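Chains, contacts and geometry: an overview
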Amino acid sequence: MSLKTLIVIPVKDFASAKSRLRPVLGDTDRSQLARRLCERTLSFFCTHFPDYPLLVVTASAAIGDLARGYGAAVLRELRPAGLSGAAALAAHWSKKHGFDSQLLVPADIARLDADEFRTLLCQPRPAPSVLICPASDAGTNALLTTPPDVVPFCFGPNSSDAHQRAALKRSVPCELLHFDHMRFDLDTPDDLHSLMHQHSGDLPRELVTLWNL
């Protein structure tokens, strides 16, 4: 049975995004980086996965307008409530609109790879189930939940372990999928340093341009 799946991208206001990069990037560069990552993520899913509806969750009217330009639906937060709050809000919206599954993806994955996401979306999954793609720092860089609200969202430090524990506590089948590209995001100066020195050959040009160290 084909599961009706929604791709959800929570997006913070660009001016307040990437605060942990302050030691190496000024306010303007951080805002510019957050915007470019967001636009690149939206373009990626529009190009490679046009059959999957997109939902952007944001408290920013400007980001909402930007997302609509890429054909995404927009769910406005009354006030920013963090990634877990945005995910829970999206899950409620997903179920209300008849979606069986929700794939939550942050807007700051540095190395988007269509084959990896295709593998994830085509992965056999029962209902209920949870699929987790851990980040390099044990965070969660993709979370596929069936149904959308099958577990509480636990984003933050070591969230991949937290999501797995939440699934196990509820006896929900859970699987961790490790992908070479998807595991990298841009949160800290160490992330930026590692990406630029280890993977600069396959990074988008806009990320290389913003390398100011």
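Structural notes, computed from the coordinates. (Residues numbered from 1 in each chain as written. Predicted model: local features only at pLDDT ≥ 70, side-chain atom pairs only at ≥ 80, totals over all residues. Heavy atoms only, no water.)

Its place among the elements puts Ala67 in helix α2 (residues 61-68). With 28 residues separating them along the chain, Ala67 and Glu39 place their C-alpha atoms 8.1 Å apart. Leaving out residues up to four positions away in the same chain, Ala67 has contacts with Leu42, Val56, Ala72 and Val74. (Helix = DSSP H or I, 4+ residues; strand = E, 2+ residues; numbered from the N terminus. Contact = heavy atoms within 4.5 Å.)

The next thing to look at is the packing of helix α1 (residues 27-48) against helix α4 (residues 114-122). Where α1 contacts α4, the axes come no closer than 11 Å and their chain directions differ by 65 degrees. In terms of their interaxial angle, α1 and α4 are classed as roughly perpendicular. The crossing of α1 and α4 is right-handed. Residue-level contacts link Phe44, Phe45 and His48 of α1 to Ala114, Phe117 and Arg118 of α4. Its residues assigned to classes, the contact of α1 with α4 shows 4 nonpolar, 1 polar and 1 charged. (Axes fitted to C-alpha atoms, helices over the stretch in contact; angles between N-to-C directions. Parallel < 35°, antiparallel > 145°, perpendicular 65-115°, else oblique. Left-handed = near helix turned anticlockwise from the far one by under 90°. Nonpolar A, V, L, I, M, F, W, Y, C, P; charged D, E, K, R; others polar.)

Right, let's talk about the nonpolar core for a bit. In this structure, Ile9, Phe45, Leu103, Phe117 and Leu120 are the most contacted members of the largest nonpolar core, which totals 33 residues. By residue number, the principal contributor to this core is α1, which donates 5 residues. Beyond its immediate chain neighbours, meaning those up to four positions away, Leu120 contacts Leu103, Arg125, Leu131, Cys133, Ala142, Leu144, Leu177, Phe179 and Met182. Ranked by size, the runner-up nonpolar core spans 22 residues in total, among them Leu75, Ile132, Leu143 and Val150. (Core = buried A, V, L, I, M, F, W, Y, C linked by side-chain atoms within 4.5 Å. Buried < 20%, exposed > 50% of the residue type's maximum accessible area, 1.4 Å probe, protein only.)

This structure, assessed with the given rule, holds 4 salt bridges. For Lys95, the salt bridge goes to Asp149, with nearest N and O atoms at 3.5 Å. Here the residue Lys95 occupies a position in helix α3 (residues 82-96), and Asp149 occupies one in the loop between β6 (140-146) and α5 (159-169), the gap between them amounting to 54 residues. The class for Lys95 is partly exposed, based on a relative accessible area of 43%. Accessibility expressed as a relative area gives 39% for Asp149, which makes it partly exposed. Linking Arg118 and Asp115 is a salt bridge whose minimum nitrogen-to-oxygen distance equals 3.1 Å. Here Arg118 and its partner Asp115 are both found in helix α4, 3 residues apart, which amounts to about one turn of the helix. The class for Asp115 is exposed, based on a relative accessible area of 53%. (Salt bridge = Lys/Arg side-chain N within 4 Å of Asp/Glu carboxyl O.)

Let us now look at the side chain of Thr41. With respect to the element layout, Thr41 can be found in helix α1. A relative accessible area of 0% places Thr41 in the buried class. Within the structure, the side chain of Thr41 is placed 2.8 Å from the backbone oxygen of Leu37, a separation counted as a polar contact. Filtering out sequence-adjacent residues up to four positions away, Thr41 remains in contact with Ile9, Pro106, Ala107 and Leu112. (Polar contact = N/O pair within 3.5 Å; in protein donor to acceptor, adjacent residues only side chain to side chain.)

Let's shift gears to α5. For α5, every residue scored as buried is listed here: Ser159, Ser160, Ala162, His163, Ala166 and Ala167. The arc that holds every buried residue of α5, seen down its axis, measures 165 degrees, which confines them to one face. Facing away from the buried side of α5 by over 90 degrees, the exposed positions are Arg165, Leu168 and Lys169. Turning to α5, the residues buried within the fold contact β5 (129-134), β6 and β7 (174-176). Looking at the residues trailing α5, positive phi occurs at Ser171, about 55 degrees. (Arc of directions from axis to C-beta.)

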